[in-house]
Amino acid sequence: MTWVLSRVLMLVMTAGIGGWIGWFLGHWMLAAPVAAALGAGVAVGLMALWDSVRAHRLVVWLRGDQTEDAPRLGGLWGELSYRMERGLRDRERRYERERQQLEQFLLAIEASPNGVILLDENDHIQWCNSVAADHFQLDPQRDKLQRITNLVRFPAFVSYLQSHQFGQPLALHNARGRAHLQVLVRDYGVGGECRKLVLSLDVTDRERSESMRRDFVANVSHEIRTPLTVLSGFIETMASLNLTEVERKRVLFLMQQQTARMQSLVGDLLTLAQLEGSPRPSADHWVAVDPLLMRIAADAQALSAGRHELACERQTHAELAGVETELLSAIANLMSNAVRYTPEGGRVELQWRWLPDHGAEIAVIDNGPGIAREHLPRLTERFYRVDGSRARDTGGTGLGLSIVKHVVQRHGGELRIESEPGKGSKFRLLFPAARVRLADAPAMGEESAPAALAGGEDR
């Protein structure tokens with residue numbers, strides 16, 4: 001109530017000043033009633049002028065941006081300016097809190113792995129995060145306030161959005177390159193507004209995994225069904241027909257072949273399951289490379305039976321950190337593939353080479369028919385065959401390169417494949433420096449590495 005007291009004091013002072021002016025005029029110049037009225041008028045005018053000045057200062061502040069403090073006027077106008085300033089500051093704080101909350105909310109949506117688009121009642125884009133922009137090829141700033149159906153022209157999406165039947169998600173295939181999207185729309189809004197929330201999820205990996213699972217089951221079923229069908233036919237033949245001894249031996253030989261084929265397939269499947277389910281091999285168990293390569297060379301010579309020219313590295317003086325059976329399986333797989341697929345008279349090489357980064361490379365090189373470029377990225381897929389009939393003729397299960405890839409990755413390395421039709425193929429197993437050392441050294445260090453590199457250059 002301080003402004004009331006100040007107002008009363010102002011009136012008292014004004015009345016006093018007016019009375020004094022009236023007394024002065026009445027005593028010296030005018031009649032008393034006229035002098036009193038004139039004094040009162042002057043006093044009221046002064047008070048009005050003072051109020052107008054303070055009101056003008058307050059109006060000037062209100063017309064500005066209110067970034068500075070309100071004028072300190074005192075009295076009624078001071079109280080008004082204080083209340084206005086406090087109301088404005090409270091509103092600014094509430095606005096800032098809401099702005100920060102909205103910003104945090106949008107940042108949380110931005111961090112979401114799902115795409116999010118906010119549409120108004122006319123399907124205009126109000127906001128979208130970067131994931132949704134990538135899914136639908138949008139620009140979050142440029143495309144704001146644009147109708148989404150003018151930018152996303154997939155007929156299935158447009159129909160889904162216009163149908164208002166959002167009970168089930170929409171599957172969009174090849175929405176972005178080879179991507180598969182799952183789109184879900186939900187209505188929201190208050191006060192009669194019907195806005196839409198568009199959610200998108202990239203399910204490409206899930207679809208690929210599901211497709212691989214279906215293909216895997218189908219391939220395993222097919223691979224096992226074929227020898228089972230052959231075995232069933234032979235068993236029925238032996239049970240229903242009187243075969244000669246020669247025919248019986250031939251049938252038993254073929255049955256043995258099919259049984260071996262199933263055993264090989266089951267063995268490879270078990271190997272893959274074991275590789276995928278077991279921890280990475282220890283880096284402190286060292287395997288001598290030379291005996292490993294000698295065993296692989298002997299197996300390759302037996303498989304080739306003199307039909308190929310074989311060149312195998314034998315003196316590496318190196319050791320690899322890992323599991324001997326896994327390394328033997330991977331390298332032997334590559335070597336047996338090269339022998340099987342290289343025509344008679346061709347050349348197959350097994351090479352060892354030190355790399356500049358102190359790692360090492362085991363390469364299997366042949367001058368066989370080669371592989372077309374479009375097949376190279378899929379060669380390590382399970383049951384993938386460039387020529388299915390030819391692969392079965394050579395006795396392969398379609399799992400060999402998949403096993404090789406898993407083995408080398410478990411040992412911290414990488415499988416690289418280079419091939420051209422008519423120019424042969426090169427399969428390289430690259431091992432990191434941490435898993436390679438000279439046989440005489442406890443580890444690959446500063447002294448042993450130059451010698452190893454020099455040996456690689458001589459070869």
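Each chain carries its own residue numbering, running from 1 in the direction its sequence is written. At least 70 in pLDDT is required for a residue's local features to be given in this predicted model, at least 80 for side-chain atom pairs to be given and counted, and no such filter applies to totals for whole chains, interfaces and linings, which use all residues. Side-chain figures throughout are based on the complete set of non-hydrogen atoms in the structure, without hydrogens or water.

## Re the overall build of the chain
Our working rule: Secondary structure elements are taken from DSSP: a helix is a run of H or I of four residues or more, a strand is a run of E of two residues or more, and numbering for both begins at the N terminus. Burial classes follow relative accessibility: with a 1.4 Å probe on protein chains only, a residue under 20% of its type's maximum area counts as buried, one over 50% as exposed, and anything between as partly exposed. Whether two residues are in contact is decided by their heavy atoms: any pair within 4.5 Å suffices. Accessible areas in this description were obtained via Shrake-Rupley with a 1.4 Å probe; residue shielding takes into account the shown protein chains only.
When its secondary structure is counted, the chain shows 13 helices and 13 strands. The buried share of the chain, reckoned over its 459 residues, is 37%. Across the chain, every contact between residues at least 6 apart in sequence was considered, and the portion connecting residues at least 24 apart equals 56%. Element-wise, carbon and sulfur atoms account for 56% of the exposed surface of the chain, whose accessible area totals about 27100 Å².

## Overview of the packing of helix α10 (residues 324–341) against helix α12 (residues 400–410)
As a reminder, the rule being used: Angles shown run from 0 to 180 degrees and are taken between the N-to-C directions of axes, each axis being a line fitted to C-alpha atoms and, for helices, limited to the stretch in contact. Put simply, angles under 35 degrees are roughly parallel, angles over 145 are roughly antiparallel, angles from 65 to 115 are roughly perpendicular, and the rest are oblique. A crossing counts as left-handed when the near helix is turned anticlockwise from the far one by less than a right angle, and as right-handed when that turn is clockwise. Classification convention: Asp, Glu, Lys, Arg as charged; Ala, Val, Leu, Ile, Met, Phe, Trp, Tyr, Cys, Pro as nonpolar; all other residues, Gly among them, as polar.
Axis separation between α10 and α12 bottoms out at 9 Å; the angle between their running directions is 140°. By the angle between their directions, the pair α10 and α12 is classed as oblique. The handedness of the crossing between α10 and α12 comes out as left-handed. Mapping the contact onto sequence places Glu326, Leu327, Ser329, Ala330, Asn333, Leu334 and Asn337 in α10 and Gly400, Leu401, Ile403, Val404, Val407 and Arg410 in α12. Each residue belonging to the contact of α10 with α12 can be placed in one class, and the counts come to seven nonpolar, four polar and two charged.

## What about the sheet that holds strand β12 (residues 424–431)?
Selection criterion: What makes two strands pair is DSSP finding at least two bridges between them.
If you walk across this open sheet you meet the five strands as β7-β9-β10-β12-β11, and the pairing is mixed. Across the chains shown, the open sheet's two edge strands, defined by having one partner strand only, are β7 (309–312) and β11 (414–420). Across the sheet, the mean angle separating the axes of adjacent strands is 15° when strand polarity is ignored. One ladder, built from four bridges, connects β7 with strand β9 (residues 347–354); its direction is parallel.

## Topic: the pairing of β12
Of all eight residues that make up β12, seven are buried, and the element is covered over most of its length. Direction of pairing for strand β10 (residues 360–366) relative to β12: antiparallel, over a ladder of seven bridges. Residue isoleucine 362 lies in a different strand from β12, and its bridge partner there is leucine 429. Summarising the sheet, β11 and β12 pair through seven bridges and their orientation is antiparallel. Its bridge partner being in β12, arginine 416 is matched across the sheet by arginine 428. The hairpin formed by β11 and β12 contains three residues between the paired strands, and glycine 422 there has a positive phi angle of roughly 80°.

## Digging into the sheet that holds strand β4 (residues 180–188)
Strand order in the open sheet made by the five strands is β2-β1-β5-β4-β3, with antiparallel pairing throughout. Among the strands making up the open sheet, the edge pair consists of β2 (125–128) and β3 (170–173). Across the sheet, the axes of successive neighbouring strands diverge by a mean angle of 25°, strand direction being ignored. Taken together, the eight bridges between β4 and strand β5 (residues 195–202) define a ladder with antiparallel strand orientation. Each bridged residue has a counterpart across the sheet, and for tyrosine 188 the counterpart in β5 is arginine 195.

## Digging into the environment of leucine 88
Mapped onto the elements of the fold, leucine 88 is located in helix α3 (residues 75–110). The class for leucine 88 is buried, based on a relative accessible area of 16%. For the pair formed by leucine 88 and glutamine 66, sequence separation is 22 residues and the distance between their alpha carbons is 8.3 Å. Apart from residues lying up to four places away in sequence, leucine 88 is in contact with Trp61 and Gln66.

## Thoughts on the packing of helix α8 (residues 245–277) against α12
For any two helices packed against each other, one specifies the inter-axial angle together with the distance between the axes. α12 packs onto α8 with a crossing angle of 25° between their chain directions and a minimal axis gap of 10 Å. The angle between α8 and α12 falls in the class roughly parallel. As for the relative orientation of α8 and α12, their crossing is left-handed in sense. For the pair formed by α8 and α12, the contact residues are Asp268, Thr271, Leu272, Leu275 and Glu276 on the first element and Ser402, Ile403, His406, Val407 and Arg410 on the second. Tallied by class, residues from the contact of α8 with α12 come to four nonpolar, three polar and three charged.

## Details of the packing of aromatic side chains
Condition: Any Phe, Tyr or Trp ring, taking Trp's six-membered ring, that has another such ring centre within 6.5 Å forms a pair; planes under 30 degrees apart are called stacked, those over 60 apart edge-to-face, and the others tilted.
According to the stated counting rule, one finds three aromatic pairs in the structure shown. Each ring, one from phenylalanine 136 and one from phenylalanine 157, has its centre 5.6 Å from the other, and the planes form 45°; the classification is tilted. Separated by 21 residues along the polypeptide, phenylalanine 136 in helix α4 (residues 130–136) and phenylalanine 157 in helix α6 (residues 155–163) bring together distant segments of the chain. The two residues phenylalanine 136 and phenylalanine 157 agree in class, both being buried. Centroid distance tryptophan 352 to tryptophan 354: 5.5 Å. Interplanar angle 90°. Geometry classified as edge-to-face.

## With respect to the layout of surface pockets
Taking a probe equal in size to a water molecule and rolling it over the atoms shows the remaining empty space. Quick note on the threshold: The definitions used throughout rest on a 1 Å grid laid over the protein atoms alone, on which a cavity is an enclosed set of points accommodating a 1.4 Å probe that cannot get out and a pocket is an open set flanked by protein within 12 Å on both sides along at least five of seven lines; lining residues are those having an atom within 4 Å of a point. Grid points are joined across faces, edges and corners, and a volume is the space filled by probe spheres set on the points.
Taken as a whole, the second largest pocket spans an internal volume of roughly 660 Å³. If you go around the second largest pocket, you meet 22 residues; those closest to its centre are Arg208, Ser211, Met212, Arg378 and Glu381. Secondary structure elements with two or more residues in the lining of the second largest pocket: α7 (204–240) and α12. Ranked by residue count, the leading element in the lining of the second largest pocket is α7, at nine residues.

## Observations concerning the side chain of threonine 316
Note the following rule: Counting of polar contacts relies on pairs of N or O atoms within 3.5 Å, with two restrictions inside protein: one atom must be capable of donating a hydrogen and the other of accepting it, and residues adjacent in sequence are counted only when both atoms are side-chain atoms.
Along the polypeptide, threonine 316 turns up in the loop between β7 and β8 (318–321). Using a relative accessible area of 3% as the deciding quantity, one classes threonine 316 as buried. Polar side-chain contacts of threonine 316 include one of 2.5 Å to the side chain of aspartate 290. Leave out the neighbours within four places in its chain, and threonine 316 touches Val289, Asp290, Leu293 and Trp352.

## A word on the pairing of strand β1 (residues 115–119)
Burial analysis of β1 places five of its five residues in the buried class, which makes it a mostly covered element. Residues Gly115, Ile117 and Leu119 point to one face of β1 and Val116 and Leu118 to the other, with burial holding for every one of them. As paired elements, β1 and β5 share five bridges and run antiparallel to each other. Following the sheet pairing, leucine 118 is matched in β5 by leucine 197. Pairing between β1 and β2: three bridges, direction antiparallel. Of the residues in β2, the one forming a bridge with leucine 118 is tryptophan 127.

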